[in-house]
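# Summary of the model geometry
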Amino acid sequence: VNRGSEPANAPWLDRVLVVIADAIYAFPSLLLAIVAAIAISGGQSSFWGGILAAAISITFVFIPQYFRVIRAETVRIKPEAYVESAKVIGSSAPRIMVQHVLRNATRTLPLIFTLNSSEAILTLAGLGFLGFGLAIVWAPAAVLGPVGISGTPDGLVELRAFYGGLELGLAA
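Owing to the predicted nature of the structure, the values given are computational and were not obtained by experimental measurement.

What follows concerns the packing of helix α2 (residues 29–41) against helix α6 (residues 109–130). The angle between the axes and the distance between the axes are what describe a pair of packed helices. One way to put it is that α2 packs onto α6 with a least axis distance of 10 Å and a crossing angle of 50°. Classified by the angle their axes make, α2 and α6 are oblique. The interaxial crossing formed by α2 with α6 has right-handed handedness. For the pair formed by α2 and α6, the contact residues are S29, L30, A33, I34 and A37 on the first element and E119, T123, G126, L127 and L130 on the second. Considering only residue class, the contact of α2 with α6 consists of six nonpolar, three polar and one charged.

On to the confidence of the model for the chain. Taken residue by residue, the chain gives an average pLDDT of 78. The fraction at 70 or more is 70%. Between residues 154–160, whose pLDDT stays under 50, and residues either more than four places distant or in other chains, the model counts eight contacts.

Attention now moves to a nonpolar patch on the surface. Nonpolar side chains collect at one region of the surface, where W12, L13, V16, L17 and I20 lie side by side and expose about 480 Å² of accessible area between them. With respect to the secondary-structure elements, W12 resides in helix α1 (residues 11–25). On the basis of relative accessibility, which here comes to 60%, the residue W12 falls in the exposed class.

Let us look at the packing of helix α4 (residues 81–88) against helix α5 (residues 93–105). The N-to-C vectors of α4 and α5 enclose an angle of 175°; their axes lie 10 Å apart at closest approach. Taken together, the axes of α4 and α5 lie roughly antiparallel to each other. Judged by residue contacts, Y82, V83, A86 and K87 of α4 engage I96, H100, V101 and N104 from α5. The class makeup of the residues in the contact of α4 with α5 is five nonpolar, two polar and one charged.

Counting 13 residues, the largest nonpolar core has A37, I58, V61, F62 and L127 as its most contacted members. Those elements giving two or more residues to this core turn out to be α2, α3 (47–77) and α6. A total of five residues in this core trace back to one element, the largest contributor, which is α3. Every residue in contact with I58, bar those within four places of it in the chain, is listed here: A120, T123, L124 and L127.

Looking now at the pattern of salt bridges. Working definition: two side chains of opposite charge can pair if their charged atoms are close together. Tallied over the entire structure, the rule returns five salt bridges. Here D14 ties to R71 by a salt bridge, and the two come within 2.8 Å at their closest N and O atoms. Placement of D14 in helix α1 and of R71 in helix α3 is noted, with a sequence separation of 57 residues between them. The class of D14 is buried, set by a relative accessible area of 10%. Sharing partners across several salt bridges, the network here consists of E73, R76 and R107.

Right, let's get into the environment of L102. Structurally, the position occupied by L102 is in helix α5. For L102, a relative accessible area of 44% corresponds to the partly exposed category. Sequence spacing of L102 and E73 is 29 residues, and the spatial spacing of their C-alpha atoms is 9.2 Å.

Turning next to the environment of A26. Position of A26 relative to the elements: it lies in the loop between α1 and α2. Note: C-alpha distance between A26 and P64 (38 residues apart in sequence) is 9.9 Å.

In this model α2 runs 18 Å from its N-terminal to its C-terminal C-alpha over 13 residues, within 8% of the 18 Å that 1.5 Å per residue would give. Among the residues making up α2, those that are buried are S29, L32, A33, I34, A36, A37 and S41.

Scoring rules and cut-offs
- Residues numbered from 1 in each chain as written.
- Predicted model: local features only at pLDDT ≥ 70, side-chain atom pairs only at ≥ 80, totals over all residues.
- Heavy atoms only, no water.
- Axes fitted to C-alpha atoms, helices over the stretch in contact; angles between N-to-C directions.
- Helix = DSSP H or I, 4+ residues; strand = E, 2+ residues; numbered from the N terminus.
- Parallel < 35°, antiparallel > 145°, perpendicular 65-115°, else oblique.
- Left-handed = near helix turned anticlockwise from the far one by under 90°.
- Contact = heavy atoms within 4.5 Å.
- Nonpolar A, V, L, I, M, F, W, Y, C, P; charged D, E, K, R; others polar.
- pLDDT = per-residue confidence, 0-100.
- Patch = residues over 30% accessible without salt bridge, like charges linked within 9 Å, V, L, I, M, F, W, Y side chains within 5 Å.
- Areas by Shrake-Rupley, 256 points an atom, 1.4 Å probe, with all protein chains shown as cover.
- Salt bridge = Lys/Arg side-chain N within 4 Å of Asp/Glu carboxyl O.
- Buried < 20%, exposed > 50% of the residue type's maximum accessible area, 1.4 Å probe, protein only.
- Core = buried A, V, L, I, M, F, W, Y, C linked by side-chain atoms within 4.5 Å.
- Expected span 1.5 Å × (residues − 1).

Right, dumping it as structure tokens:
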């Protein structure tokens, strides 16, 4: 029996994907990105390894949000009259998926992308601060986190340079 909230062809696959997405979404995004970056890079930061680890870990963290929105829109669109009309006139399933369902289900993606981009930048900054983003040797100005704590054994000189106008701001 198809209840309308799951696909008719593979309800078990839909259920498994929803459970996996919910499990990933349950963890804090920065913590999950750190764990994923460590697992991908093996705890070593290099130029391409850091870029790859950061990109994959940030993608891994944000995929469940996109999955949930697209799934909800697809479930909402599936019983609409224009989808049923396309079935009645004999359109193929791939044509219905692309022309009707996918086109209407993806209209909220730019909004979600815009809202998630700020959190993705903060996650990348957190990964860079911990040394799992870009390697500091190759791109010292790209990620400012390690710049603030590198250079001296105690890091005080570099932190003072990093917060250059702090004393002037506090004095005013």
